Structures are given as structure tokens and as C-alpha cells.
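Architecture and fold: a report
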Amino acid sequence: MAQLLIKERIEILRKVEIFRDFTEYVLKSIADVMEEIEVRKMDNIITKGEEGKCMYILFSGKAKIHDDEVKIADVDPVNIIGEMALLTSEPRNATITATETCKLLVLNQNAFELISEDNIEFYKAIVKILIKKLQKQNMELIEFSRNARKILATF
């Protein structure tokens, strides 16, 4: 796989919501420490239960998030996956499988910690993503609970 130039990595980062407002200097410092990988169709990017030590930015291809056979979500290009691991190092709570050949940028935990020390805005941006995901999950649980109550009330 041909490696992207730093300016190409920066352009990918600019397309990701949390990086849009960062300066060129900050984007370059992030792009400099990211690795590139390619994952073939049907291979796992993340496997449930493995220790999380990095996050990914999917910049080409598509993937699905699932728990065994239960599909949770689809992942399209310029989305971040696995970011909770940067803060918690907890085991992964779902599997992410490539549904097409995928190209990803990888930010490992050590690089994240170094960047976060120099740029608190980057750290805050990751925390905001996690909060938004938790809020969305809470709303989905509330809706699920309401629907379950309605169904149970019919019995």
C-alpha cells in the first residue's frame, strides 16, 4: 500500500469533525504520528474483548460494528472508531469488521497522550465525541424502554 503524504493525511483529518478547527500545526503533529493500515474485506479491524490501545480513522472503504451476529452500526469513510480505548484501555466492547477493503489511519495511545499534553483542545475534542456517543446511546435506551413498555402493556 502506498503511503499517504503528510498533506494528504492532514486533508483526511480536516474531514473528521473533531479535527476541523485545529490549526495546521496541530494537524501536522497528529498526522506525523499516525500509521496507515489496510484491512481486507471480512477481516476484523477491532475484535470484541481485545485490549484497546489505539483509535482509527476510516478514510477508505466501509465497515460494520457488531456484537456477534447483532449489527450495531455501519461505518463510512472519515469516521473515528475505537476512540474509547485512548482514554480507558478497557477491552473492546464490540467487533468492527471491514465490509469492503478499508484503509485507516491509526493513532496509538502513546502518541495520543503526547499530543494531548501539548494540545488540550485535542483531548477535549475526543471527550466530546465520547459524550455525544453516550448521549445517543442513552436516547436509544430510553426509546427502547418506552417501546418495550408499550409492547408489555398489550399483554
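Details of the structure are given in the entry above.
Let us look at the structure shown here. (Residues numbered from 1 in each chain as written. Predicted model: local features only at pLDDT ≥ 70, side-chain atom pairs only at ≥ 80, totals over all residues. Heavy atoms only, no water.)

Considering the sheet that holds strand β8 (residues 102–108)
How we decide: In this description, strands pair whenever DSSP reports at least two bridges between them. Think of it this way: any DSSP run of H or I at least four residues long counts as a helix, any run of E at least two long counts as a strand, and we number them from the N terminus. As a rule, the C-alpha atoms of each element are fitted with a line to give its axis, helices using only the stretch in contact, and angles between N-to-C directions run from 0 to 180 degrees. Residues are treated as being in contact if the distance between any of their heavy atoms lies within 4.5 Å.
Strand order in the open sheet formed by 4 strands is β1-β8-β3-β6, with antiparallel pairing between adjacent strands. With partners counted over all chains shown, the strands left at the sheet margins are β1 (35–39) and β6 (79–81), one partner each. Geometrically, the sheet is characterised by an average inter-axis angle of 30° between neighbouring strands, direction not taken into account. Judged from the 5 bridges that link them, β1 and β8 form a sheet pairing that is antiparallel. Paired with V39 across the bridge in β8 is C102. Against the sheet, helix α1 (residues 6–15) makes contact with β1, β3 (54–60) and β8, and its axis sits at roughly 95° relative to β3, the strand it touches most.

Comments concerning helix α4 (residues 109–118)
Rules: Remark: exposure states derive from per-residue accessible area (1.4 Å probe, protein chains only) relative to the maximum for the residue type, with buried under 20%, exposed over 50%, and partly exposed in between. The directions considered for the arc run from the helix axis to the C-beta atoms.
Among all positions of α4, only Q109, A111, F112, I115 and S116 are buried. Along the axis of α4, the buried residues cluster in a sector spanning 155°; they form a single face. Relative to its buried face, α4 has exposed residues pointing more than 90 degrees away, namely N110, L114, E117 and D118. Those residues of α4 hidden inside the fold are in contact with α2 (24–33), β3, α3 (84–88), β8 and α5 (120–153).

A few points about α5
What counts, and what does not: Each helix should span, by expectation, one fewer than its residue count multiplied by 1.5 Å.
Here α5 is 34 residues long and its end C-alpha atoms lie 49 Å apart, about the 50 Å a rise of 1.5 Å per residue gives. Along α5, the residues that are buried comprise F122, A125, I126, I129 and L130.

Describing unusual backbone geometry
Of note in the backbone geometry, M42 takes a positive phi value of approximately 80° without being a glycine. In this structure, M42 sits in the loop between β1 and β2 (44–46). Here D68, not a glycine, exhibits a phi torsion of approximately 55°, which is positive. Looking at the element boundaries, D68 is found in the loop between β4 (63–67) and β5 (70–75).

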